[in-house]
Number of protein chains: 2
Amino acid sequence: MSAKYEKNYFSSDFTLGILGGGQLGKMLLYETRKFDIRTKVLDASDEAPCKIACDQFVLGSLMDYDTVIDFGQDVDVLTIEIENVNLDALEQLEENGKTVYPPTRALRTIQNKAKQKLFYVDNGIPTAPFSRFAYKSEINDSIANGALEFPFIWKAAQFGYDGQGVKVVRKLEDLEALPTGECIAEKMIDFKNELAVIVCRNPNGEVRTYPVVEMEFHPEANQVEYVICPARIDDKVARKAQEIALKVSEKIGHIGLLAVELFQTQDDEILVNEVAPRPHNSGHYSIEASYTNQFEQHIRAILNLPLGNTQSKVAGIMVNLVGAENHTGEVLYEHMEEILALDGVTPHIYGKKQTRPFRKMGHVTIVNQDLAKAREIAQQVKETIKVISKQDG
Amino acid sequence: MSAKYEKNYFSSDFTLGILGGGQLGKMLLYETRKFDIRTKVLDASDEAPCKIACDQFVLGSLMDYDTVIDFGQDVDVLTIEIENVNLDALEQLEENGKTVYPPTRALRTIQNKAKQKLFYVDNGIPTAPFSRFAYKSEINDSIANGALEFPFIWKAAQFGYDGQGVKVVRKLEDLEALPTGECIAEKMIDFKNELAVIVCRNPNGEVRTYPVVEMEFHPEANQVEYVICPARIDDKVARKAQEIALKVSEKIGHIGLLAVELFQTQDDEILVNEVAPRPHNSGHYSIEASYTNQFEQHIRAILNLPLGNTQSKVAGIMVNLVGAENHTGEVLYEHMEEILALDGVTPHIYGKKQTRPFRKMGHVTIVNQDLAKAREIAQQVKETIKVISKQDG
């Protein structure tokens with residue numbers, strides 16, 4: 001085969017390996033189908049969403065060194081859909097010449113939140129003030145000697161996900177139930193907006209940013225209700241957010257997507273909250289709204305294909321579908337037909353059989369030429385659909 | 001379960017059965033995933049594209065009565081992705097109370113092209129003049145006695161697909177290689193444009209049409225090069241095309257999609273060419289361009305869910321990817337990276353391992369706010385990508 005065919009992912013024996021078989025992986029797999037790319041997925045659950053959507057499914061722990069090494073041997077490019085994977089194994093695979101994107105070095109910076117925060121400080125990237133503690137007990141000492149004041153945000157350094165591993169600490173007792181290991185205590189930011197920017201980068205050095213999105217919070221519950229693209233902010237603030245996201249992207253040296261979560265402070269400073277080197281909840285709107293959705297973009301990037309247009313065809317709003325309070329058991333999506341009757345509404349049901357309060361069960365995207373109209377319909381969606389259990393319904 | 005949950009396809013033991021496991025079925029299956037609908041597919045090929053994308057795959061002939069009956073027993077709704085299925089079996093399943101969409105009656109009208117043409121005549125739907133023959137030999141008699149004149153279009157009454165079963169007959173010898181069975185001879189229409197309209201209909205009686213699309217032909221090769229949405233025609237002609245498509249839809253009594261292929265004559269009359277009661281090549285543009293793509297729409301319709309918005313977010317053009325002349329063997333997509341670098345370009349590779357001249361291997365969609373710009377890029381795509389074989393490349 002001549003050089004021009006070397007990267008022919010579209011018809012050869014090329015296999016893409018994905019560590020993690022969750023919902024993000026599943027949405028990634030749909031896009032591999034368009035390109036007819038062979039896929040192989042590793043996950044510890046025999047009921048992983050990806051199982052039905054990949055060419056080959058391997059059951060095993062993402063944290064087990066030998067399992068990851070074995071899995072990676074015969075794939076051509078290895079990527080992740082979750083950060084909690086065995087990095088020593090990834091590093092070994094890289095040393096053996098395997099293509100691993102994002103690179104292990106970027107994952108090491110990101111996987112440990114204390115390391116991630118130190119990285120921001122070392123690289124002059126604005127972030128909320130914090131202290132790092134090797135053990136939780138050190139927090140108590142720090143409070144006792146006046147170095148740390150309530151309230152603050154406790155974050156586990158490792159293995160937090162989906163709201164796990166983060167807690168607002170307002171008094172000593174709040175610390176009691178928390179894990180004892182490495183953690184950080186971060187200053188609470190009185191932010192005006194929570195924003196996010198997805199940056200994509202391929203090995204050729206091509207870099208593009210998606211528009212800034214905005215998380216709109218419920219006025220009382222302090223929970224994100226809507227992810228809105230484009231964010232309803234000043235152009236100047238949007239440009240600053242994109243510049244900072246690009247700086248993080250460049251310094252961290254990722255390949256593929258990097259979702260950068262940001263705070264816009266009351267005086268319009270931009271602070272980096274945290275990053276994820278993969279498709280991200282804040283980019284789900286892109287399936288319906290963008291010229292190139294985040295999943296296709298991640299594949300383009302890690303295969304060193306030209307990046308696609310990150311702009312939007314229409315305004316997009318995403319609503320997470322979470323399990324209703326007081327409902328546990330076999331899931332039922334109540335009033336689904338009513339939201340399907342609304343203009344520009346697309347539900348994405350993740351296929352989890354059991355619901356429980358606040359469990360992420362899917363998301364709904366609302367698109368419209370007019371952002372204000374999309375926002376109205378999004379509210380109707382939010383107020384109409386209920387994720388309940390059959391037993392309690 | 002109370003009445004309001006009866007149609008809860010999203011979390012119950014509901015199974016959608018699909019007769020046919022080809023590429024159309026595969027694109028349909030992607031959309032079932034968004035709704036988390038359990039799927040079961042029947043196809044005679046163990047390498048059917050759907051095999052990897054459905055919950056359950058059954059190997060067997062779509063034309064075998066017992067196979068189709070067995071397959072249909074335990075699904076809740078049965079649909080098709082190809083017309084050539086055993087209709088007696090479908091009818092029996094319907095009589096047993098099974099939900100079959102499109103209904104067998106509509107499929108009977110469509111499956112046999114002579115019957116389809118008679119249906120247009122009976123219902124006052126404009127179509128090209130034709131004669132029906134029980135055997136090909138009757139054509140020769142008809143020519144001999146002057147009732148039929150060259151040139152005309154011969155069409156097999158049954159089982160034609162992908163250009164098979166249709167031939168322009170200019171002299172007696174052109175008839176020689178053709179099958180001997182039931183057929184029609186249709187007057188050649190000197191058309192200005194070939195158009196198509198997709199109509200969707202659900203059991204509740206909700207009906208919507210997609211915009212009129214236009215097939216642009218190669219100036220010399222007389223082959224469709226681009227499917228363009230919206231068609232570049234007068235509003236008056238577009239309205240007439242939609243009205244006629246709606247009339248066909250109403251009279252034929254389909255449920256789901258009905259793709260209506262039309263001729264616009266030199267004096268702006270609209271004639272119905274033929275119809276397909278399923279997702280159609282002329283609607284592939286909708287994946288990237290429409291608020292609700294044709295595959296999601298077909299699912300909404302056959303599950304009696306509210307129909308989605310059929311309008312476009314942006315202009316869309318589709319280019320079929322067919323095997324290059326003089327290339328037979330293991331497929332190679334040459335210059336794929338170059339087309340991926342163009343704005344708004346999405347390739348859909350169907351995953352066939354072997355190419356041969358003119359074999360349909362995939363399609364590429366080009367979207368843009370500006371139709372003229374999309375048309376320019378579509379031409380670049382057409383002139384750049386080559387579907388060749390590795391051996392000959």
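Small disclaimer: the values here were computed from a predicted structure and weren't measured.

Next up on the list: the overall build of chain A. Secondary structure assignment for chain A yields 11 helices and 21 strands. For 393 residues, the compact-globule estimate of 2.2 N^0.38 gives 21 Å, and the C-alpha radius of gyration of chain A, at 21 Å, lies within 12% of that figure. Expressed as lengths along the three principal axes of its C-alpha atoms, the size of chain A is roughly 65 × 50 × 50 Å. Put simply, chain A has 393 residues, and 60% of those count as buried. Contacts in chain A between residues at least 24 apart in sequence constitute 63% of all its contacts with a sequence separation of at least 6.

So, about the interface of chain A and chain B. Taken together, the contact pairs 50 residues of chain A with 51 residues of chain B. Between chain A and chain B, a total of about 4400 Å² is buried, with carbon and sulfur atoms accounting for 55% of that surface. One can count 2 salt bridges joining chain A with chain B. Residue D36(A) is joined to K353(B) by a salt bridge in which the shortest nitrogen-to-oxygen separation is 3.5 Å. The tally of links between chain A and chain B comes to 12 residue pairs in polar contact (both at pLDDT 80 or more). Going through the elements one at a time, α1 (23–34), α9 (294–302), β17 (329–334), α10 (336–340), β18 (345–349) and β20 (360–368) of chain A are the ones with two or more residues in the side of chain A that touches chain B.

Of note, the amide linkage connecting C229(A) to P230(A) takes the cis form, showing an omega dihedral of 5 degrees. Within the secondary structure, P230(A) is located in the loop between β13 (224–229) and α7 (235–252). Residue P151(B) is reached from F150(B) by a cis peptide bond, and omega for that bond is -15 degrees. With respect to the helices and strands, P151(B) occurs in the loop between α6 (137–144) and β7 (152–156). One non-glycine residue, D36(A), lies in the positive phi region at around 55 degrees.

Let us look at the nonpolar core. The biggest cluster of nonpolar side chains holds 48 residues, and the ones touching the most others in it are Y333(A), I339(A), V345(A), I366(A), V381(A) and L303(B). Here the element with the most residues in this core is helix α11 (residues 371–384) of chain A; it accounts for 5 residues. If we skip the residues at most four places from it in the chain, V345(A) touches I339(A), L340(A), V364(A), T365(A), I366(A), I377(A), V381(A) and R300(B).

Okay, the pairing of strand β9 (residues 183–187) of chain B next. All names here are of chain B. Extensive coverage of β9 is indicated by the burial of 4 of its 5 residues. As paired strands, strand β6 (residues 130–133) and β9 are joined by 4 bridges and run antiparallel to one another. Bridging from a neighbouring strand, S131 pairs with A185 of β9. In this sheet, β9 lies alongside β7 in antiparallel orientation, the contact comprising 5 bridges.

Geometry of a packed helix pair, given as the angle between the helix axes and the separation of the axes. Residues and elements named next belong to chain B. Two elements in contact, helix α1 (residues 23–34) and helix α9 (residues 294–302), have axes whose closest approach is 8 Å; the angle formed by their N-to-C orientations is 70 degrees. Classified by the angle between their axes, α1 and α9 sit roughly perpendicular to one another. With respect to the hand of their crossing, α1 and α9 are arranged in right-handed fashion. Where α1 abuts α9, its residues L24, M27, L28, E31, T32 and K34 lie against F295, E296, H298 and I299. The residue makeup of the contact of α1 with α9, split by class, is 5 nonpolar, 2 polar and 3 charged.

What follows deals with the relation of the copies chain A and chain B. Mapping chain A onto chain B calls for a rotation angle of 180 degrees and an axial translation of 0.0 Å; the resulting RMSD is 0.0 Å. Both copies of the chain, as the preceding transformation shows, are related through a two-fold rotation axis. Interface overlap between copies: 100% of the residues of chain A at the interface are likewise at the interface in chain B, consistent with a symmetric, same-surface contact.

What follows covers α9(B). Residue and element names in this part refer to chain B. Among the 9 residues of α9, 9 are classified as buried, and the element is accordingly described as predominantly covered. The complete set of buried residues in α9 reads Q294, F295, E296, Q297, H298, I299, R300, A301 and I302. Remark: N304 follows α9 within two positions and exhibits a positive phi of approximately 55 degrees.

Right, let's get into the domain arrangement of chain A. Once the domains are mapped, chain A shows domain 1 (3–100), domain 2 (129–187) and domain 3 (314–393). One C-alpha centre belongs to domain 1 of chain A, the other to domain 2 of chain A, and the line joining them spans 35 Å.

The next thing to look at is the sheet that holds β7(B). All names here are of chain B. If you trace the 4 strands from one edge of the open sheet to the other, you get β6-β9-β7-β8, paired in antiparallel fashion. Unpaired on one side and paired on the other, β6 and β8 (166–169) mark the two borders of the sheet. Strand-to-strand twist in this sheet, taken as the mean axis angle between neighbours without regard to direction, amounts to 20 degrees. Inspection of the sheet shows β7 paired to β8 by 4 bridges, in the antiparallel sense. Residue pairing across strands places I153 opposite V168, the latter belonging to β8.

Our focus in this paragraph is the sheet that holds strand β21 (residues 386–389) of chain B. Residues and elements named next belong to chain B. On the basis of which strands lie adjacent, the open sheet formed by 3 strands has the order β19-β17-β21 and antiparallel pairing. The sheet is open, and its two edges are formed by β19 (354–355) and β21, each paired on a single side. Two strands pair when backbone bridges link them, and strand β17 (residues 329–334) and β19 are joined in this way by 2 bridges, in the antiparallel orientation. Pairing of G329 across the sheet is with T355, part of β19.

Here H348(A) shows up in strand β18. Within the structure, the side chain of H348(A) is placed 2.7 Å from the side chain of E288(A), a separation counted as a polar contact.

Residue and element names in this part refer to chain A. Taken residue by residue, helix α5 (residues 113–122) has K113, A114, Q116, K117, F119 and Y120 as its buried positions. Its side-chain oxygen placed 2.9 Å from the backbone nitrogen of A114, N112 serves as the N-cap of α5. Directly after α5, the chain includes G124, whose backbone phi takes a positive value near 65 degrees.

Cut-offs applied
- Residues numbered from 1 in each chain as written.
- Chains lettered and ligands numbered in written order.
- Predicted model: local features only at pLDDT ≥ 70, side-chain atom pairs only at ≥ 80, totals over all residues.
- Heavy atoms only, no water.
- Helix = DSSP H or I, 4+ residues; strand = E, 2+ residues; numbered from the N terminus.
- Rg over C-alpha atoms; globule rule 2.2 N^0.38 Å.
- Buried < 20%, exposed > 50% of the residue type's maximum accessible area, 1.4 Å probe, protein only.
- Contact = heavy atoms within 4.5 Å.
- Buried area = accessible area lost by both parts, 1.4 Å probe.
- Salt bridge = Lys/Arg side-chain N within 4 Å of Asp/Glu carboxyl O.
- Polar contact = N/O pair within 3.5 Å; in protein donor to acceptor, adjacent residues only side chain to side chain.
- Core = buried A, V, L, I, M, F, W, Y, C linked by side-chain atoms within 4.5 Å.
- Pairing = 2+ DSSP bridges.
- Axes fitted to C-alpha atoms, helices over the stretch in contact; angles between N-to-C directions.
- Parallel < 35°, antiparallel > 145°, perpendicular 65-115°, else oblique.
- Left-handed = near helix turned anticlockwise from the far one by under 90°.
- Nonpolar A, V, L, I, M, F, W, Y, C, P; charged D, E, K, R; others polar.
- Least-squares fit on C-alpha atoms with pLDDT ≥ 70 in both.
- Domains from an automatic or database assignment.

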